[in-house]
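Residue-level structure breakdown
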Amino acid sequence: MKSYQLVEKTIRGENPGQTPLYGWVSANLSEQISKEFGSVEKFEDHYRFDMAHLFGGPGCFDQEAIRKVREQEGEVTPEALLSIPLLPVDNMADYENIKAGLEHHRAQRERFCYVQTNGIFEALNDPFGIEDHLCWMALYPEELKEVYARQAQWNRKFAEHCIELGVDMVHVSDDWGAQKSLMFSKEMWWDMIYPNHKVTADFVKSTGTFLSLHSDGHVAPVLDGVVKLGYDVVHPWQETAGMDYQMYLDQYQDKLAILGGICVQSTLGFGDLPRLEREIRRVFGLLKGKRWMCCTTHFVQDHCSMEELVFAFDLAAKLARE
């Protein structure tokens with residue numbers, strides 16, 4: 001079975017017994033991995049990763065214009081941001097990195113490829129700053145809804161171009177969670193975030209393409225909304241933020257697949273190999289054969305040694321394929 005077929009079956013709840021394997025390893029450890037394996041690509045080949053996380057495409061904000069507003073006004077308000085046009089989304093020359101990733105991972109290695117795309121909240125933390133953004137949600141909700149609606153249309157068009165290029169899944173990155181709760185109220189999520197995610201979600205699902213959500217932290221209060229939007233996959237389902245796997249197995253395994261399982265906040269990168277082994281085996285014991293793709297919960301941090309990284313993926317690859 002091809003890697004992309006294994007992932008597709010797993011997302012659909014037709015897992016044949018093997019677990020798809022992946023890891024967010026490159027952001028902080030590229031140099032160390034390259035020294036040990038020759039390149040990150042050789043590390044991915046060594047462990048026969050079944051998936052690939054693609055980045056690229058155009059940016060949506062004119063950073064120079066935002067900088068000028070911030071210098072002049074001291075802050076970027078929703079009204080000020082609406083005065084700055086979003087950058088073009090239709091220039092296909094901006095998608096070369098995605099095309100190259102698809103050629104390397106999908107065409108040559110038959111991996112399941114998903115592409116990073118903007119959410120609504122996280123994307124706008126860039127021009128606003130997260131502290132001001134949270135304030136604007138309370139102070140200027142109507143103006144912010146205009147900002148969100150504009151962003152939603154840009155995001156939808158970005159997703160359309162990625163699907164035209166041949167990605168297997170559109171991956172929407174939109175951090176909503178703190179350690180014990182959402183960063184804003186559940187009511188705000190339904191009023192402001194949900195309708196604007198729906199713009200992209202409805203389009204992606206209409207094409208038959210898989211749709212996944214990345215959101216760190218505790219997002220349990222809005223999981224029913226995530227299901228209603230049509231998301232097929234959630235990353236990471238963060239145990240350390242109070243989202244235990246039993247809740248998933250009891251309430252959501254018939255609705256969603258999980259990407260994750262190797263926690264970078266509590267498990268990988270702490271120099272305790274016996275504990276690392278116990279934790280990886282525990283998660284495999286709970287989730288193997290379910291709608292689960294084994295992956296790190298976020299980018300592996302630079303305090304993780306190569307010895308520990310290799311130990312973790314040696315074990316995960318063995319358990320995934322035995």
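In short, a report on the structure. (Residues numbered from 1 in each chain as written. Predicted model: local features only at pLDDT ≥ 70, side-chain atom pairs only at ≥ 80, totals over all residues. Heavy atoms only, no water.)

Between H235 and the following residue, P236, the backbone shows a cis peptide bond with an omega angle of 10 degrees. Residue placement: P236 occurs in the loop between β5 (233-235) and α12 (245-252). The phi dihedral of E110 falls on the positive side, at around 60 degrees, and the residue is not glycine. Within the fold, E110 resides in the loop between α6 (96-107) and β2 (112-118). Phi is positive for W237, close to 55 degrees, though the residue is something other than glycine. Tracing the backbone through its elements, the reader meets W237 in the loop between β5 and α12. (Helix = DSSP H or I, 4+ residues; strand = E, 2+ residues; numbered from the N terminus.)

Applying the stated criterion to the full structure yields 19 salt bridges. We note a salt bridge from R156 to E160, for which the minimum N-O separation is 3.0 Å. Of the two residues, R156 and E160 are both situated in helix α9 (residues 141-165); the distance of 4 residues between them amounts to about one turn of the helix. Residue class for R156 comes out partly exposed when judged on its relative accessible area of 24%. Here the salt bridges do not stand alone but share partners, grouping D45, R109 and R111 into one network. (Salt bridge = Lys/Arg side-chain N within 4 Å of Asp/Glu carboxyl O. Buried < 20%, exposed > 50% of the residue type's maximum accessible area, 1.4 Å probe, protein only.)

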